[in-house]
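In case you want the letters, here they are:
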Amino acid sequence: MRTKKLIDLTGKTALVTAAAQGIGRASVLALAAAGARVIATDVNEAGLEGLAGERIETRRLDVLDPEAVAALAGETIDILFNCAGVVHGGTVLETSDADLDFAWRLNVVAMTRTCQAVLPGMVERGGGAIINMSSVASSVKGVPNRFAYTVTKAAVVGLTKSIAADFVGSNIRVTAICPGTVETPSLHDRLSAGGDYDGARAAFIARQPIGRIGAPEEIADLVVYLAGATYTTGQVQIIDGGWTI
């Protein structure tokens with residue numbers, strides 16, 4: 001019988017985008033705790049302060065800059081966590097071309113480019129893991145007033161499955177995480193935007209069957225698991241407190 005063990009990422013190098021706060025920051029700490037060397041990146045360099053440590057290197061990275069992303073090809077990356085993204089509100093009738101274009105460039109095109117940058121090195125070294133941040137607001141579930149977000153996060157599911165199918169023979173595993181509502185600075189901004197923070201928060205909690213909003217550390221635990229789940233690829237991992245039951 002095979003003995004179960006905790007995920008051990010010793011000797012692996014992970015790159016995390018949008019690492020300055022929320023799920024990205026929690027994932028940097030969790031990956032490092034699991035033994036990985038972590039390159040924590042964000043366009044907000046000041047937000048990365050306090051992360052650097054024995055296993056963590058911080059670095060400014062604008063994922064919308066094709067040249068900066070292409071430069072990642074020179075790095076040895078065993079684990080890529082694509083966490084950068086943006087949430088737009090509104091229905092299809094309220095979504096401008098500019099909002100849809102920006103959501104597409106940040107949520108889909110930037111993620112595609114980071115995969116393109118690290119994949120050749122993973123193929124050469126004989127394996128790797130790519131974890132993409134999607135959402136239950138995607139092909140998983142329709143959510144009111146999230147048109148641009150839902151469209152682009154559905155595309156993340158598609159690109160995840162496509163890359164997984166193309167590179168499974170190279171021992172590269174590609175998965176997508178689909179969270180429900182998670183306690184992040186981005187969420188607090190959205191709750192405040194309508195002018196009734198407490199009411200908006202209560203409404204978000206009410207739709208969670210588990211009775212609370214998720215913690216970034218809970219998503220980070222799933223990131224670590226997927227980084228070490230050597231028989232899992234092409235899958236959408238839902239972590240939403242029962243919202244999609």
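Relevant structure appears above.
Here's what I pulled together on the structure shown here. Throughout this document, residue positions are counted from 1 along each chain, in the order its sequence is written. Reporting in this predicted model follows two pLDDT cut-offs: at least 70 for local features of residues, and 80 or more for side-chain atom pairs to be given and counted; totals over whole chains, interfaces and linings ignore these cut-offs and use all residues. By convention in this description, side-chain values take in all heavy atoms of the structure and omit both hydrogens and water.

Regarding the overall build of the protein chain
Here's step 1: Working definition: helices are DSSP H or I runs of at least four residues, strands are E runs of at least two. Numbering for both runs from the N terminus. Regarding its fold elements, the protein chain presents seven helices and seven strands.
Here's step 2: Mapped from its N terminus to its C terminus, the protein chain presents α and β elements in the order β-α-β-β-α-β-α-β-α-β-α-α-α-β.
Here's step 3: We take the radius of gyration over the C-alpha atoms and set the globule estimate at 2.2 Å times the residue count to the 0.38 power. Radius of gyration (C-alpha) of the protein chain: 17 Å, near the 18 Å computed for a compact globule of 245 residues.
Here's step 4: Exposure is judged per residue with a 1.4 Å probe applied to protein chains only, and the accessible area is read against the type maximum: over 50% gives exposed, under 20% gives buried, and values in between give partly exposed. Split into buried and exposed, the 245 residues of the protein chain put 47% on the buried side.
Here's step 5: Summarising the internal contacts of the protein chain: among those between residues at least 6 apart in sequence, 69% fall at separations of at least 24.
Here's step 6: Working note: accessible area of the protein chain is about 11,700 Å², and carbon and sulfur atoms make up 53% of it.
Here's step 7: Only four residue types enter the tally: Lys and Arg on the positive side, Asp and Glu on the negative side, with His and both chain ends excluded. To locate a charge, take NZ of a lysine, CZ of an arginine, CG of an aspartate or CD of a glutamate. Counting 21 positive and 25 negative side-chain charges, the protein chain places the averaged centre of each group 8 Å from the other. Here, residues are in contact when the closest pair of their heavy atoms is within 4.5 Å. Residue burial considers only the protein chains on display, and all accessible areas are found by Shrake-Rupley using a 1.4 Å probe.

Some remarks on the side chain of lysine 153
Here's step 1: Along the polypeptide, lysine 153 turns up in helix α4 (residues 147-167).
Here's step 2: Whenever Lys or Arg places a side-chain nitrogen within 4 Å of a carboxyl oxygen from Asp or Glu, that contact is recorded as a salt bridge. For the buried lysine 153, no salt bridge exists, and the shortest N-O distance to an oppositely charged side chain is 13 Å, to aspartate 42.
Here's step 3: Discounting chain neighbours no more than four positions away, the residues touching lysine 153 are Asn107, Met133, Ser134, Ser135, Ala137 and Ser138.

Description of the sheet that holds strand β2 (residues 37-42)
Here's step 1: The sheet built from seven strands is open, its strands ordered β3-β2-β1-β4-β5-β6-β7 with parallel pairing. What marks the edges here is a single partner per strand, and that holds for β3 (56-60) and β7 (236-239). Within this sheet the neighbouring strands show an average axis-to-axis angle of 20 degrees, counted without direction.
Here's step 2: Here strand β5 (residues 128-133) runs beside strand β6 (residues 172-179); their pairing, made up of six bridges, is parallel. Within the sheet, the bridge partner assigned to isoleucine 131 lies in β6 and is threonine 175.
Here's step 3: Note on method: axes are straight lines fitted to C-alpha atoms, helices fitted across the in-contact stretch only, with angles between N-to-C directions ranging 0 to 180 degrees. Contacts from α4 reach β5, β6 and β7, with the element oriented near 160 degrees to β6. If DSSP finds at least two bridges between two strands, the strands pair.

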